[in-house]
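# Commentary on secondary and tertiary structure
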Amino acid sequence: MDNIYQEELMFHYKNPSNTGKLEDPTVETTANNPFCGDKLNMQMHIDKGIVKDIKFEADACAVAVAASSMLTEHIKGKGVEEIKKFSKEQLLDLIGVQLTTSRVKCAVLPLEAVQKLVQAYDDK
Amino acid sequence: MLDTAKLTKDFPILTRKVGDGKRLVYLDNAATSQKPQAVIDAISDFYSNHNANVHRGIHTLSEEATDMYESARTTIAEFIGATVPQEVVFTKGTTEAINRIMYEWGVENLGKDDVMLTTLAEHHSNFVPWQILSKLTGAKLEFINLTPDGNIDYEDLRAKFEKYKKRIKLIALSHASNTLGTIFDVKRLVRLCKENNSECIVAVDGAQAVPHMPVNVQSLGCDFYSFSGHKMLGPTGIGVMWTKRELLAKLEPYEYGGGMINEVTATTATWADPPEKFEAGTPPISAAIGLAAAVDYLKKVDMENVRAHEIALTEYALSKLKEIDGITLLGPQEAENRTGLVSFVLKGIHAHDIAAVLNTHGVAVRSGHHCTMPLHIHYGITASTRASFNVYNTQEDIDVLIEGLQKAIKILKG
């Protein structure tokens, strides 16, 4: 198993992109991992099916925060249809570190939030 | 005093290496304990030499299995100070025992004018059943306040007695908290509760107490006492619902089937006497035998020695942890008021990351809410880290824990 606390992940944990709150969110949601106490709040500003802006706030572990930073960087500017197809495997590839089963749950938390948001946009 | 160097050799799993060839430093005993060879052998021996179903046959193996199973019941009954072995009903664990109390006593005896008291410190298994019981019967569920260091606020308890008087029919609380480490003064609480209402029932969750200190249910004076085998060096899948004999005689079963009946016709069924009345189906025979072996082991070690050992370890752990910058320790200040565990929060570092870094040092701790979400919400904490001890832990284990914590701070904050 890789040491997960290596440079890139730690960089995203200590300097996460896209943190904070949006002024005019189109959709917002929370995602929780009750087993370890990770909490995530995420907002998107979506215009004509494109995620123009995205922000999150987390009370969460390094993996969840880093994954949120990397994922939000990746999907910002992309279309809702494309984002819907973004899979767990692609996310783990993006993170690029081998994770144990329990840590995968932390990494997937922001993806859960993202999918909830794009679904909510579609349902509107 | 415990000869931990000798004792550690009794536990085969402690020779394991984890991760990068690190010695296993197992500090997650509040979740489950490791097993001495004697317990593993007892279970193995049962399956190799004596396995048969109990109470049903007159062939040799069945007689042997029945004797061993009932002998296990007697061993365990004596260990906790029961009046007779029939007061010990085997379950699959503490959670099942408490759910049984809810269904077998609670549903029949509580109504909408009644009040139940518990605390926000309870494990979900001694919390959710009472929420459900409140919904099922209309009885009100109230919480006794906790002091900042995690003990019962006796002033608030008095106020509740003043307010509700004889409406209080049940008090459900733990003997020791799995997150705070607090040892609650059950004897005192039973006395106060019965002074307020002699009919009030006290149901105690002893899962975190029986493994760590001498327990005598008669001396405590409670009506129900529940605990699990796997936290006290025994196997998983076995626990005990101890009930005062006179009370047990009045309860109706909530599990029906073979083994708990006296006579069955096409349209009727009558019940066996306790404890069989409450043990439907084939019981966890090998697990009960394994638990008796665990009790025998603990008796040889002596529970007074176990307690003294854990106080010393906890004292040492508290003193070392206090020195860490940004740490908040949960629970009572003094080791004598605690069972052998310490939960803490490190400022700016998530519990999950602490546990992950400690794991790379071979240290197993628990991170999260330890099945005490209401408690964490009460203290405004998302997640905490918990190190919990047993007979085979040493001061050296705590040194490795501290070293690991300092490494975690460096990696995650530095």
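Up top is the structure these notes are about.
Residues numbered from 1 in each chain as written. Chains lettered and ligands numbered in written order. Predicted model: local features only at pLDDT ≥ 70, side-chain atom pairs only at ≥ 80, totals over all residues. Heavy atoms only, no water.

Residue and element names in this part refer to chain B. In this structure, Tyr225 and Trp242 are the most contacted members of the largest nonpolar core, which totals 80 residues. The leading source of residues in this core is helix H10 (residues 285-301), at 12 residues. Once you skip the residues sitting within four places of it in the chain, Tyr225 turns out to touch His175, Val204, Gly206, Ala209, Val210, Val215, Val217, Leu220, Val240, Met241 and Trp242. (Core = buried A, V, L, I, M, F, W, Y, C linked by side-chain atoms within 4.5 Å. Buried < 20%, exposed > 50% of the residue type's maximum accessible area, 1.4 Å probe, protein only. Helix = DSSP H or I, 4+ residues; strand = E, 2+ residues; numbered from the N terminus. Contact = heavy atoms within 4.5 Å.)

Looking now at unusual backbone geometry. Of note, the amide linkage connecting B:Pro274 to B:Pro275 takes the cis form, showing an omega dihedral of 0°. Along the chain, B:Pro275 falls in the loop between strand E12 (269-271) and H10. Even without glycine at this site, A:Asn18 takes up a positive phi of about 65°. Counting through the fold element by element, A:Asn18 comes out in the loop between helix H1 (7-14) and strand E1 (27-33). Backbone geometry places B:His370, a non-glycine residue, at a positive phi of 50°. Inspection of the secondary structure puts B:His370 in the loop between strand E16 (366-368) and helix H13 (373-379).

Quick look at the packing of aromatic side chains now. In the structure shown here, the tally under the stated rule is 8 aromatic pairs over all chains. A cation over a ring is seen here: B:Arg188 above B:Tyr154, with NZ or CZ 3.5 Å from the ring centre. (Phe/Tyr/Trp six-rings, centres within 6.5 Å; stacked < 30°, edge-to-face > 60°. Lys NZ or Arg CZ within 6 Å of the ring centre and 35° of its normal.)

Glancing now at the sheet that holds strand E5 (residues 115-119) of chain B. All names here are of chain B. The mixed open sheet is built from 7 strands, whose spatial order is E4-E10-E9-E8-E7-E5-E6. Bordering the open sheet on either side are strand E4 (88-91) and strand E6 (140-144), each of which pairs with just one other strand. Between one strand axis and the next, the sheet turns through 20° on average, direction left out of account. Two strands pair when backbone bridges link them, and E5 and E6 are joined in this way by 5 bridges, in the parallel orientation. Considered in E6, the bridge of Thr119 is made with Ile144. Its contacts with the sheet place helix H5 (residues 128-137) against E5, E6 and strand E7 (168-174), and it is angled at close to 145° to E6. Here helix H7 (residues 186-196) sits on the sheet and contacts E7 and strand E8 (201-205); the angle it forms with E8, its principal contact strand, is near 160°. (Pairing = 2+ DSSP bridges. Axes fitted to C-alpha atoms, helices over the stretch in contact; angles between N-to-C directions.)

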